[in-house]
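What the coordinates show
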Amino acid sequence: QVQLVESGGGLVQPGGSLRLSCAASGHTSGTNAMGWFRQAPGKDREFVAAISRSGGNTIYADSVKGRFTISRDNAKNTLYLQMNSLKPEDTAVYYCAADTRYHAIAVNVYDYDYWGQGTQVTVSS
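A brief look at the structure comes next. If you're wondering where the values come from, they're calculated on a predicted model, not measured in any experiment.

In a beta sheet, neighbouring strands are held together by backbone hydrogen bonds and run either parallel or antiparallel to one another. Read across the open sheet, the 4 strands follow the order 1-3-8-7; overall the sheet is antiparallel. Strands with a single pairing partner mark the edges of an open sheet, and in this sheet they are strand 1 (2–7) and strand 7 (68–73). For this sheet, the mean angle separating the axes of adjacent strands, direction not counted, is 15°. Inspection of the sheet shows strand 7 paired to strand 8 (residues 78–83) by 6 bridges, in the antiparallel sense. Looking across to strand 8, one finds that Ser71 is bridged to Tyr80.

To continue, consider the packing of aromatic side chains. Within the structure shown, the criterion is met by 4 aromatic pairs. For the pair Phe37 and Tyr112, a centre-to-centre distance of 5.4 Å together with 75° between the ring planes defines the contact as edge-to-face. You can see Phe37 sitting in strand 4 (residues 34–39) and its partner Tyr112 sitting in the loop between strand 9 (92–98) and strand 10 (114–115), a full 75 residues away along the chain. Residue Phe37 shares its accessibility class with Tyr112, and that shared class is buried. Between Tyr112 and Trp115, the ring centres sit 6.3 Å apart and the planes meet at 65°, which makes this aromatic pair edge-to-face. Site record: aromatic cluster; members linked through ring pairs are Phe37, Phe47, Tyr112 and Trp115. In this structure, Arg45 packs its charged tip against the face of Tyr95, placed 3.6 Å from the ring centre.

Residue Asn77 is not a glycine yet carries a positive backbone phi of 55°. Relative to the helices and strands, Asn77 is located in the loop between strand 7 and strand 8. Phi angles above zero are rare outside glycine, and Ser85 is one such case at about 50°. Here Ser85 lies in the loop between strand 8 and strand 9.

You can see Thr119 is positioned in strand 11 (residues 119–123). On the basis of relative accessible area, Thr119 is assigned to the buried category, the value being 10%. Considered as a pair, Thr119 and Val5 are 114 residues apart in the sequence and their alpha carbons are 8.9 Å apart. When near neighbours in sequence (up to four residues on either side) are disregarded, Thr119 contacts Glu6, Ser7, Gly8, Gly9, Leu20, Ala92, Val93 and Tyr94. Among the polar contacts made by the side chain of Thr119, one reaches the main-chain amide nitrogen of Gly9 at a distance of 3.3 Å.

Reading guide: rules and limits
- Residues numbered from 1 in each chain as written.
- Predicted model: local features only at pLDDT ≥ 70, side-chain atom pairs only at ≥ 80, totals over all residues.
- Heavy atoms only, no water.
- Pairing = 2+ DSSP bridges.
- Helix = DSSP H or I, 4+ residues; strand = E, 2+ residues; numbered from the N terminus.
- Axes fitted to C-alpha atoms, helices over the stretch in contact; angles between N-to-C directions.
- Phe/Tyr/Trp six-rings, centres within 6.5 Å; stacked < 30°, edge-to-face > 60°.
- Buried < 20%, exposed > 50% of the residue type's maximum accessible area, 1.4 Å probe, protein only.
- Lys NZ or Arg CZ within 6 Å of the ring centre and 35° of its normal.
- Contact = heavy atoms within 4.5 Å.
- Polar contact = N/O pair within 3.5 Å; in protein donor to acceptor, adjacent residues only side chain to side chain.

And the structure:
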C-alpha cells in the first residue's frame, strides 16, 4: 500500500556530491521510519541511514557518518539523502525503504516492508 520511487543517482567523480530523492505514494500516513540501503556488486544489501517519522532522530552507518545526511519532507512525502565527499567505495545501487510495522528506527533490511526499485550511484574518475 506504499509505493517508493528513487531518483537522483548518476555518475560522479571522487569528492563530488549527489542528492538522492525518494517519492512515496499510496497510504503514506502509515509510514513510520524510513531508511536508505545500498548494495554493491557481490555484497549484501547494507544499511546506510535512517530517520524517524517526524525527522527528529537519525542514525548513520559508520562508513558514511559525517559525509551523508538523511532528511524528509512529510508534506511532500519525500525522503532525501545528501551525499558529500563521495568515495569509489560508495558505488552501489541505493534503495529507499519504509517501515509501517514498528515505531523505532531500524537498521536491518528485514525491518522494512516497502522498497523502491533502486537508483545507481557510481563514483569514478
